[in-house]
Amino acid sequence: MENNFYIKEKGLLIVISGPSGAGKGTVCKELLSKYPNLAVSVSATTRDPRPGEVEGKNYYFITKENFLDMIGNDEFLEYAKVYDNYYGTPSQSVIDMMDEGIDVILEIDIQGAAQVRSNYPEGIYIFVVPPSFSELRKRITERGTESEEQLNKRMNCAYDEIRNAKNYSYIVINDEVHVAADKIASIITAEKCRSNRLESKIDEIIGRS
Ligand code: 5GP
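Numbering of residues starts from 1 in every chain and runs along the sequence as written. Note on the predicted model: pLDDT of at least 70 is required for a residue's local features to be given, and 80 or more for side-chain atom pairs to be given and counted; whole-chain, interface and lining totals, by contrast, use all residues. To get the side-chain values, all heavy atoms of the structure are used, and hydrogens and water are removed first.

With respect to the pattern of salt bridges
Alright, step 1. In what follows, salt bridge is the name for a side-chain nitrogen of Lys or Arg lying within 4 Å of a carboxyl oxygen of Asp or Glu. Taken as a whole and assessed by the stated rule, the structure comprises 16 salt bridges.
Alright, step 2. When the shortest N-O distance is used, the salt bridge between Lys138 and Glu142 registers 3.9 Å. Of this pair, Lys138 and Glu142 both sit in helix α5 (residues 133–143), four residues apart, which is roughly one turn of the helix.
Alright, step 3. With a relative accessible area of 43%, Lys138 lands in the partly exposed category.
Alright, step 4. Note on exposure labels: buried denotes an accessible area under 20% of the residue type's maximum, exposed denotes more than 50%, and partly exposed covers the range between, all computed with a 1.4 Å probe on protein chains only. What makes Glu142 exposed here is its relative accessible area of 58%.
Alright, step 5. Among the salt bridges present, the one from Arg143 reaches Glu146, with a minimum N-O distance of 3.3 Å.
Alright, step 6. Three or more residues are tied together by salt bridges with common partners; here these are Arg47, Arg50, Glu53, Arg143, Glu146 and Arg154. Each helix is a run of H or I in the DSSP string that is no shorter than four residues. Each strand is a run of E no shorter than two, and both are numbered from the N terminus.

Next up, the structure:
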């Protein structure tokens, strides 16, 4: 009898960081529109929703008390305080999607990425940078969602964040969204072809169990 039993390939965990305004969200949206086997994890945050942001789609907007409860119940894969608010990745949905074979993107800050990396070094760590600081300021200003004070805070943090880029396996300069998205898609494709990820496939081909 033909052996139809096979273990479903686990999805990849892709961590994308970069300063506010680097365009991570736009690049991820572009990726999602092109690749059906990809999902972006929805984080929980204590920050207020921006106009147009949708509960459960952009974030789960929760109170600080609820956030602290979730920390206490060990519900986060990682969490961090970023620009005076808490942000965290609920772990269960990420685990479920990866078990389903879906590649999951975490769009998180450098502190959260460091936490994930220490527990899951086999993840793919990508840093997205703007082409210049003046372009970064322009993008945050044009978004029109931040006060002058918040804008300056984000610009100051951007220096420290970009210095961290060397801790990531890949750096993608987001000059044009579709080019940056294509580069990330290429990284994912190359990672899927890594010999250590295909050991069981090779065993299957040569008939070893
Ligand atoms: P924003 O307020 O602009 O949506 O996000 C601010 C920063 O928080 C961004 O750098 C974003 O990547 C990061 N962030 C969003 N969700 C999470 C999360 O779940 N965990 C961590 N550590 N950072 C997050």
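Back to the text.
Here we look at the side chain of Ser91
Alright, step 1. With respect to the helices and strands, Ser91 occurs in helix α3 (residues 91–99).
Alright, step 2. Overall, the relative accessible area of 13% leaves Ser91 in the buried class.

Here we look at the pairing of strand β1 (residues 13–17)
Alright, step 1. With five of five residues buried, β1 lies mostly within the body of the structure.
Alright, step 2. What you see with β1 is no split at all: Leu13, Val15 and Ser17 on one side and Ile14 and Ile16 on the other are buried throughout.
Alright, step 3. Note that β1 and strand β8 (residues 124–129) share four bridges and pair parallel. Note on β8: the bridge partner recorded for Ile14 is Ile124. Here, any two strands with at least 2 DSSP bridges between them count as paired.

Quick word on the site of the ligand
Alright, step 1. The rule for a residue being near a molecule or strand is that one of its heavy atoms must lie within 4 Å of it. As a structural note, the neighbourhood of the ligand is formed by 17 residues, with Ser43, Arg47, Tyr59, Tyr87 and Asp109 the closest of them.
Alright, step 2. Interatomic distance of 2.7 Å between a side-chain N/O atom of Arg47 and an oxygen atom of the ligand.
Alright, step 3. Residues adjacent in sequence count toward polar contacts only when both atoms are side-chain atoms; beyond that, a polar contact is any pair of N or O atoms within 3.5 Å, and within protein one must be able to donate a hydrogen and the other to accept it. In this structure, a nitrogen atom belonging to the ligand sits 2.8 Å away from a side-chain N or O atom of Glu78.
Alright, step 4. Within the complex, 96% of the 520 Å² of free accessible area of the ligand lies under protein.
Alright, step 5. Most atoms of the ligand, that is more than half of them, are within 2 Å of grid points of the largest pocket.
Alright, step 6. Listing elements by their share of the shell around the ligand, those giving two or more residues are β5 (76–82) and β6 (85–90).
Alright, step 7. For this classification, the nonpolar set comprises Ala, Val, Leu, Ile, Met, Phe, Trp, Tyr, Cys and Pro, the charged set comprises Asp, Glu, Lys and Arg, and every other residue, Gly included, is treated as polar. Partitioned by chemical class, the residues of the shell around the ligand number six nonpolar, four polar and seven charged. With residues, only the protein chains shown are counted as cover, and all accessible areas are computed by Shrake-Rupley using a 1.4 Å probe. Points on a 1 Å grid, built from protein atoms alone, make a cavity when a 1.4 Å probe fits but cannot get out and make a pocket when they are open with protein on both sides within 12 Å along at least 5 of 7 lines; residues with an atom within 4 Å of a point are the lining residues. A pocket or cavity is taken to hold a molecule when more than half of that molecule's atoms are within 2 Å of the pocket's grid points.

Some words on a negative patch on the surface
Alright, step 1. Residues forming no salt bridge and having over 30% relative accessible area are the ones grouped into patches, like charges within 9 Å of each other and nonpolar side chains (Val, Leu, Ile, Met, Phe, Trp, Tyr) within 5 Å. Working convention for charge: Lys and Arg count positive, Asp and Glu count negative, and His plus the chain ends are omitted. For the purpose of locating charges, the reference atoms are NZ of Lys, CZ of Arg, CG of Asp and CD of Glu. Taken together, the side chains of Glu65, Asp69, Asp74 and Glu75 define an acidic patch exposed on the protein surface.
Alright, step 2. Structurally, Asp69 is set in helix α2 (residues 64–72).
Alright, step 3. Taking the relative accessible area as the measure of exposure, Asp69 reaches 47% and is therefore partly exposed.

Notes on the sheet that holds strand β4 (residues 59–61)
Alright, step 1. Ordered by their spatial adjacency, four strands build an open sheet running β4-β3-β6-β5, and the pairing between neighbours is mixed. Every interior strand has two partners, whereas the edge strands, β4 and β5, have only one. Each strand of the sheet is rotated relative to its neighbour by a mean of 25°, with strand direction disregarded.
Alright, step 2. Here six bridges tie β5 to β6, and the two strands are oriented antiparallel to one another. Residue pairing across strands places Ala80 opposite Tyr87, the latter belonging to β6.
Alright, step 3. Each of β5 and β6 is contacted by α3, which is oriented at about 30° to β6, the strand it contacts most. Here an axis means a line fitted to C-alpha atoms, over the contact stretch when the element is a helix, while the angle between two N-to-C directions is reported on a 0 to 180 degree scale. Working rule for contacts: check all heavy atoms of both residues, and any pair within 4.5 Å makes them a contact.

Section: the UniProt feature "domain: Guanylate kinase-like" (unreviewed entry) in the protein chain
Alright, step 1. UniProt positions are given in the numbering used here, feature names are shortened, and annotations may be inferred rather than shown by experiment. Taken from the UniProt record, the annotation "domain: Guanylate kinase-like" (unreviewed entry) applies to residues 11–189.
Alright, step 2. Each end of residues 11–189 is marked by a C-alpha atom, and these two atoms are 12 Å apart; helix forms 44% of the span and strand 23%.

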